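This is what each chain is made of:
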Amino acid sequence: MKPYGKKILCVYGGGSVIDASKPIVCSACYKGDSWELMMDRSLMIKALPVFVVLTISATGSEMNPGAVIANEETHEKLEISSPMLYPTVSICGFAYTMALPASQTAEGCADIDSLCFRRRCRIQKIMKLVQISCGLLC
């Protein structure tokens, strides 16, 4: 995007496409390597607006400031979140969603469940660490 001087990014797709757009809009305003933004969130100081046309709903990427991005070279998978990453406009095409096969909707539901489960496990892990540290301090 940098060489073309673009001022906005329009994306059409589901959660993975929308997630991928979020680091792209940040890296368009950053001179270094885009993965540096994933490793050090303090480098994210500006982002281009992103307009979203959603084709399948599951993760809520069209209405949240978070994204999960994988680095195929290093086998890392990281989450980012920033208020500047909220999509500027989200068009949720219910005609697309209603036209999906039932299996696709079921896969979307499974994706939602896995995200909720992962978040719950992370919260439980944090609470366990808090309990351990409180036990050590008391």
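Here the structure is a predicted model, which means the values were calculated and not measured. (Residues numbered from 1 in each chain as written. Predicted model: local features only at pLDDT ≥ 70, side-chain atom pairs only at ≥ 80, totals over all residues. Heavy atoms only, no water.)

**Student:** Explain a negative patch on the surface residue by residue, including any values.
**Tutor:** Together, Asp33, Glu36, Asp40, Glu72 and Glu73 make up a negatively charged patch on the protein surface. Within the secondary structure, Glu36 is located in helix α2 (residues 34-39). (Patch = residues over 30% accessible without salt bridge, like charges linked within 9 Å, V, L, I, M, F, W, Y side chains within 5 Å. Areas by Shrake-Rupley, 256 points an atom, 1.4 Å probe, with all protein chains shown as cover. Salt bridge = Lys/Arg side-chain N within 4 Å of Asp/Glu carboxyl O. Lys, Arg positive; Asp, Glu negative; His and termini not counted. Charge placed at Lys NZ, Arg CZ, Asp CG, Glu CD. Helix = DSSP H or I, 4+ residues; strand = E, 2+ residues; numbered from the N terminus.)

**Student:** Explain unusual backbone geometry to me, using residue names and the numbers behind them.
**Tutor:** With a phi angle near 60°, His75 is a residue other than glycine that sits in the positive phi range. Within the secondary structure layout, His75 lies in the loop between β3 (66-71) and β4 (76-81). Residue His75 is classed as exposed on the basis of its relative accessible area, which comes to 71%. (Buried < 20%, exposed > 50% of the residue type's maximum accessible area, 1.4 Å probe, protein only.)

**Student:** Lay out the side chain of Glu62 with the relevant residues and their values.
**Tutor:** Tracing the backbone through its elements, the reader meets Glu62 in the loop between β2 (50-54) and β3. No salt bridge is formed by the buried Glu62, whose closest oppositely charged neighbour, Lys22, lies at an N-O distance of 7.7 Å. Beyond its immediate chain neighbours, meaning those up to four positions away, Glu62 contacts Ile18, Val52, Leu54, Pro87, Ser90 and Cys92. (Contact = heavy atoms within 4.5 Å.)

**Student:** Can you tell me about helix α1 (residues 15-27), naming the residues and giving the values?
**Tutor:** Here α1 spans 19 Å end to end across 13 residues, near enough to the 18 Å set by a 1.5 Å rise per residue. When α1 is considered as a whole, its buried residues turn out to be Gly15, Ile18, Asp19, Ser21, Lys22, Pro23, Val25, Cys26 and Ser27. Buried-residue contacts for α1 involve β1 (9-13), α2, β2, β3 and β4. (Expected span 1.5 Å × (residues − 1).)

**Student:** Account for the state of the cysteines, with residues named and values stated.
**Tutor:** Taken as a whole, this structure holds 0 disulfides when the rule is applied. Free cysteine Cys10: the closest other cysteine sulfur is in Cys92, separated by 15 Å. For Cys10, a relative accessible area of 58% puts it in the exposed group. (Disulfide = S-S within 2.5 Å.)

**Student:** Provide a residue-level description of the pairing of β3, including the pertinent values.
**Tutor:** The pairing of β3 with β4 spans 6 bridges and is classified as antiparallel. What sits directly across from Val68, in β4, is Glu79. Linking two consecutive strands that pair antiparallel, namely β3 and β4, is a turn of 4 residues; a positive phi of about 60° is found at His75 within it. (Pairing = 2+ DSSP bridges.)

**Student:** Lay out the environment of Asp40 with the relevant residues and their values.
**Tutor:** With respect to the helices, strands and loops of the structure, Asp40 is situated in the loop between α2 and β2. Accessibility expressed as a relative area gives 35% for Asp40, which makes it partly exposed. For the pair Asp40 and Ile80, spaced 40 residues apart in sequence, the C-alpha to C-alpha distance is 9.7 Å.

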